[in-house]
Amino acid sequence: MKKIKFYIPALALVAGLSLTTLSCVDDTESSTVTALRGARAEQLKAEAALKNAQAEATKITSEADAALTLAEAKYKEAVAKGEEIQLAKTQAEVDLAVAQAKGDLQKLQISLQTELLALQQALDMAKNGDPVLEDAIDKYKSLIGKVNDLKINIEMAKVDIVGAKGVLAALEVKAPNALESQILFIKHNIADLEVDIAKDTKELAYWNNLVVSNDVKALKAEMTRLKTAEDKINFTELPPLEKAEDAAVTSYNNAVDLLRKFRDNGAMKYTSGWNNELDMMGAVYYSIAELDIEIRNIEVELKNAEVIKTKAEADFAAANAKIDGLHAALKAATAKTVAAQTTYNNALDAQANLPANATPAQVTAAQQAVTAAGVALAAAQTAESDADIAYGDQHTIVITNQNTITAQANIVASYNADLAAMKEVKALYKDDKTPATLEASVKTTLAAKTKAVKAADDKRTEAQVLSDSYDSLEGLTLNGAQLLSEYKPAKIKALELSIADNKDAVAGMNVYIAESKASNTNAVQNQKAIIANLEKQLAQDEADLKVQEKLLEAAKKVVDDKLK
């Protein structure tokens, strides 16, 4: 796993060391109380700011975890649909969420260190010659730094676990070439570790070459040299490198955009798999002749779709022209049926109301009236049914053609878009070597970008080493130059251990990559082991945090009691 290392301010490094004190000066009680009250207020304010920054770190980690949860659902959906490209995009989303969270945490760490320094300075203000209070303050300052580093390390570790679980999710849903994604994730960690190794190596060289001196003037002269060297890098050497870096990144992005446009617009015939969007395995492109055939095929399909659409529009117009007349005929037929029904009902009523002494002629006449009315009603109902069928059939024709028009319009639009895209692709084709040329351009500009970024990063690292060394010496000059002989060996030992640990981690990761390339049958189990190791380290850090927080609380209680 990547070991996260942070450099706390020099004041925190020497916070536990005894300070040189001046002889006591008599003062009034009221001014002492006023000073303590002001120091106490600054302490509370700084503690609140530090707590808010730590809460923000937890929020950043939670957002990364939420991104993973969403991605897991996308993985399963993409696998169900067989969308390999979507799987790659989803993995990229997880990587982006993790990278963004780590970047945010790194920025937040700077804020945390600022708040930490403010709190430590506020505590220094509270020193009043009381040996118990001053001892508690020194312990409190030192423990704050340890707790602060542990909390950030824990949040960083949680983000690393989120990223590792993202890789595991891809493996568990059998994403194509998941092993390559996993190796890519590990290589990112290796790259981060190698940056740390390079920085520590440069800083180690500085401390090894630094001549120990108890002369404060000599230390301040060295600080001036460090500051001058840092300014030279930041204001003279780094700007042109960063300009070249920006240009290289722009060239790479342009090459990537052009290749993506080329592929997205239909130049790629098919691919057998993927590593990522711009590194397809087995990608086969159309030749210019094949592209011309595809364009002609689309043009034929487009013409056919337009013919169908035109006919549907004509049929719709004709059917729509008849629909109003058929609807009017149906209304008229319905009215006749209503009238015939009324006549029939009246005939039935008349027949039923014949007097008991009705003559045979009257009975016969009534019966004939009922029969005639029934025949008329049946004829009216038949006419109404015919009118309803005619209207319904015509309405179906209208709706069918309307749907056909909509569908064909969408098809025509799709064909037009495909045709425009493929013509745009053809415009990019200079010859059949164009796909290879575009891919080569991406690789060339990537190499140039990598080189330019490394050059700028190396200078930035060099400047950071100078800045860190300056901060360390500044802390030593504040507390007495004689501390250098004690501080230097400890600093060298810490750097040597850090370099060794990181080199071991890189070696382990490289061995893992080599073994994984040889056989990926245990990819899921291996990834679970990685997560288990990350979680084990996290648990250890969390346990250590609890211990340090108890010690911190004890020291804080002494300080609070003394400052009440």
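Everything discussed here concerns the structure shown above.
Our subject in this report is the structure included herewith.

Thresholds applied
Position numbers for residues count from 1 along each chain, tracking the sequence in the order it is written. Where local features are concerned, this predicted model is filtered to residues with pLDDT of at least 70; where side-chain atom pairs are given and counted, the filter is 80 or more; whole-chain, interface and lining totals use all residues. Processing note: side-chain calculations cover all non-hydrogen atoms of the structure and skip hydrogens and water entirely. Note on conventions: DSSP H or I runs of at least 4 residues are helices, E runs of at least 2 residues are strands, and numbering of each starts at the N terminus. What is meant by a nonpolar core is a set of buried Ala, Val, Leu, Ile, Met, Phe, Trp, Tyr and Cys residues, joined one to another through side-chain atoms within 4.5 Å. Per-residue accessibility, obtained with a 1.4 Å probe over protein chains only, is compared with the maximum for each type, and a residue is labelled buried under 20%, exposed over 50%, and partly exposed between these values. We call two residues contacting when some pair of their heavy atoms lies within 4.5 Å. Two aromatic rings from Phe, Tyr or Trp, using only the six-membered ring of Trp, form a pair when their centres are within 6.5 Å; if the ring planes differ by under 30 degrees the pair is stacked, by over 60 it is edge-to-face, and anything between is tilted. Each axis is a line fitted through C-alpha atoms, taken for helices only over the stretch in contact, and angles between the N-to-C directions span 0 to 180 degrees. These descriptions rest on fixed angle ranges, namely under 35 degrees for roughly parallel, over 145 for roughly antiparallel, 65 to 115 for roughly perpendicular, and the rest for oblique. By definition, turning the near helix anticlockwise from the far helix through less than a right angle yields a left-handed crossing, and turning it clockwise yields a right-handed one. All amino acids are sorted into three groups, where Ala, Val, Leu, Ile, Met, Phe, Trp, Tyr, Cys and Pro are nonpolar, Asp, Glu, Lys and Arg are charged, and the leftover types, Gly among them, are polar. Salt bridges are counted wherever a side-chain nitrogen of Lys or Arg sits within 4 Å of a carboxyl oxygen of Asp or Glu.

### Quick look at the environment of N510
Residue placement: N510 occurs in helix α10 (residues 484–518). With 324 residues separating them along the chain, N510 and I186 place their C-alpha atoms 8.7 Å apart.

### Describing the nonpolar core
With 27 residues, the main nonpolar core has I186, I190, Y206, W207 and L473 as its most contacted residues. When residues of this core are traced back to their parent elements, those giving at least two are α5 (178–209), α6 (216–267), α9 (434–479) and α10. Considering every element that reaches this core, the biggest residue donor is α10, with nine residues. If sequence neighbours within four positions are ignored, Y206 has contacts with E222, R225, L226, S469 and L473.

### Some words on the packing of aromatic side chains
Scanning all chains against the criterion turns up three aromatic pairs. Seen in terms of ring centroids, Y206 and W207 are 5.5 Å apart; in terms of plane orientation they differ by 80°. Their pairing is edge-to-face. Their ring planes at 50° and their centres at 5.2 Å tell us that F262 and Y429 sit as a pair that is tilted. Here the residue F262 occupies a position in helix α6, and Y429 occupies one in the loop between α8 (360–428) and α9, the gap between them amounting to 167 residues. We note that F262, like Y429, is buried. Ring pairs connect the aromatic residues F262, Y285 and Y429, which therefore count as one cluster.

### Describing the packing of α6 against α8
Packed helices, taken two at a time, are described by the angle between their axes plus the distance between the axes. One can describe the packing of α6 onto α8 by two numbers: an axis separation of 8 Å at closest approach and a directional angle of 130°. With respect to α8, the element α6 is oriented oblique. Viewed along their axes, α6 and α8 form a crossing whose handedness is left-handed. Note on element contacts: α8 touches α6 through A421, M422, E424, V425 and L428, opposite L258, K261, F262, N265, G266 and A267. A per-class count over the contact of α6 with α8 returns seven nonpolar, two polar and two charged.

### Points about the packing of helix α7 (residues 288–352) against α8
With their axes 4 Å apart at the nearest point, α7 and α8 run at an angle of 165° to one another. One element, α7, and the other, α8, form an angle in the roughly antiparallel class. Between α7 and α8 lies a crossing of left-handed hand. Per-class residue counts for the contact of α7 with α8 are 40 nonpolar, 17 polar and 15 charged.

### Examining the environment of K503
The residue K503 is located in helix α10 in this model. Sequence separation between K503 and D196 is 307 residues, and the spatial gap between their C-alpha atoms is 9.9 Å.

### Comments concerning the pattern of salt bridges
Evaluation of the coordinates by the stated rule reveals 19 salt bridges. For R460, the salt bridge identified is with E242, shortest N-O distance 3.0 Å. Separated by 218 residues along the polypeptide, R460 in helix α9 and E242 in helix α6 bring together distant segments of the chain. Here R260 and D257 are joined by a salt bridge, their closest N and O atoms 3.8 Å apart. You can see R260 and its partner D257 sitting in helix α6, three residues apart, about one turn around the helix. Three or more residues joined by partner-sharing salt bridges are found here, namely K199, E203, D468 and K491.

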